[in-house]
Amino acid sequence: MLEQIAANPYWFWITLGGLLLAAEMLGAGGYLLWSGISAVVVGLLVWLIPQLDWEWQGAIFAIITIAVAYLWWYWLRQRPAAATSGSQVLNQRNRQLIGMRATLTEPMQNGFGRVNIGDSSWRAQANEDLPVGTEVEVVSVEGVTLLIRAIKR
């Protein structure tokens, strides 16, 4: 078997890459993905340049894997700043309502009333008393009370 690997080293690298990519599908978080791609790249390189010794093949694999793992780590480190902006209100239904428009279902008296959004009825507060049927927009949230303003037409 070692003779076959020595005769066709590109198959070894492509097979190793395929096994690493298959293992990545089990949930390795991306690191085996890049190692697998590195192995496939080395396999293609060995296929194009068959004179490469095993030492050079291993060194190229290690260099590509380390470089790509560093780039993956760097990308993941930069990502949370942009990716978590939407998740700041995840599981905070009241904060997700900011900017939504609705119609008053009860009149605002002394600054308080109710508004239906979706299938829920919310306590609402405004700076002025408003009649039933007024279109409003949620501008902020204090606990379970929606702070609203009337939409001017």
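Residues numbered from 1 in each chain as written. Predicted model: local features only at pLDDT ≥ 70, side-chain atom pairs only at ≥ 80, totals over all residues. Heavy atoms only, no water.

## Observations concerning the overall build of the protein chain
Piece 1. The helix and strand inventory of the protein chain stands at five helices and five strands.
Piece 2. In the protein chain, the succession of α and β elements from N to C terminus is α-α-α-α-α-β-β-β-β-β.
Piece 3. The C-alpha radius of gyration of the protein chain comes to 30 Å, more than 25% above the 15 Å expected for a compact globule of 153 residues.
Piece 4. C-alpha extents for the protein chain along the principal axes are approximately 90 × 30 × 25 Å.
Piece 5. Within the protein chain, the proportion of its 153 residues that are buried is 27%.
Piece 6. Of the contacts made within the protein chain by residues no fewer than 6 positions apart, 41% connect residues no fewer than 24 positions apart.
Piece 7. Surface exposure of the protein chain reaches about 10,300 Å², of which carbon and sulfur atoms provide 62%.
Piece 8. Separation between the mean location of the 10 positive side-chain charges and that of the 11 negative ones in the protein chain comes to 15 Å. (Helix = DSSP H or I, 4+ residues; strand = E, 2+ residues; numbered from the N terminus. Rg over C-alpha atoms; globule rule 2.2 N^0.38 Å. Buried < 20%, exposed > 50% of the residue type's maximum accessible area, 1.4 Å probe, protein only. Contact = heavy atoms within 4.5 Å. Areas by Shrake-Rupley, 256 points an atom, 1.4 Å probe, with all protein chains shown as cover. Lys, Arg positive; Asp, Glu negative; His and termini not counted. Charge placed at Lys NZ, Arg CZ, Asp CG, Glu CD.)

## Looking at the packing of aromatic side chains
How two aromatic rings sit relative to each other is set out by the distance from centre to centre and by the angle between their planes.
Piece 1. For the structure shown, the criterion picks out eight aromatic pairs.
Piece 2. With centroids separated by 5.7 Å and ring planes inclined at 40°, the aromatic side chains of Tyr10 and Trp11 adopt a geometry described as tilted.
Piece 3. Aromatic pair Trp72 and Trp75: ring centres 5.5 Å apart, planes at 25°, arrangement stacked. Separated by three residues within a single helix, Trp72 and Trp75 lie in helix α4 (residues 54-83), roughly one turn from each other. (Phe/Tyr/Trp six-rings, centres within 6.5 Å; stacked < 30°, edge-to-face > 60°.)

## Topic: helix α3 (residues 31-48)
Piece 1. For α3, spanning 18 residues, the distance from its first C-alpha to its last is 26 Å, which sits close to the expected 26 Å at 1.5 Å a residue.
Piece 2. Within α3, the full set of buried residues consists of Ser35, Gly36, Ser38, Ala39, Val42, Gly43 and Val46. Looking straight down α3, one finds its buried side chains confined to an arc of 155°; they lie on one side. Structural note: α3 exposes Trp47 and Leu48 on the side pointing more than 90 degrees away from its buried face. (Expected span 1.5 Å × (residues − 1). Arc of directions from axis to C-beta.)

## Description of unusual backbone geometry
Piece 1. For Asn110, which is not a glycine, the phi torsion comes out positive at approximately 55°.
Piece 2. Here Asn110 is to be found in the loop between β1 (101-103) and β2 (112-117).
Piece 3. The exposed category is assigned to Asn110, whose relative accessible area is 71%.

## Some details on helix α2 (residues 9-24)
Piece 1. For α2, spanning 16 residues, the distance from its first C-alpha to its last is 23 Å, which sits close to the expected 22 Å at 1.5 Å a residue.
Piece 2. Taken together, the buried positions of α2 are Pro9, Trp13, Gly17, Leu20 and Glu24. The buried residues of α2 occupy an angular sector of 80° when projected down its axis, which confines them to one face. Turned more than 90 degrees from where α2 packs its buried face, Trp11 and Leu19 sit exposed.

## Some points on the confidence of the model for the protein chain
Piece 1. Overall, the predicted model of the protein chain reaches an average pLDDT of 86, with 92% of residues at or above 70.
Piece 2. Confidence, read as mean pLDDT per element, is least for helix α1 (residues 2-7) in the protein chain (73) and greatest for α3 (92). (pLDDT = per-residue confidence, 0-100.)

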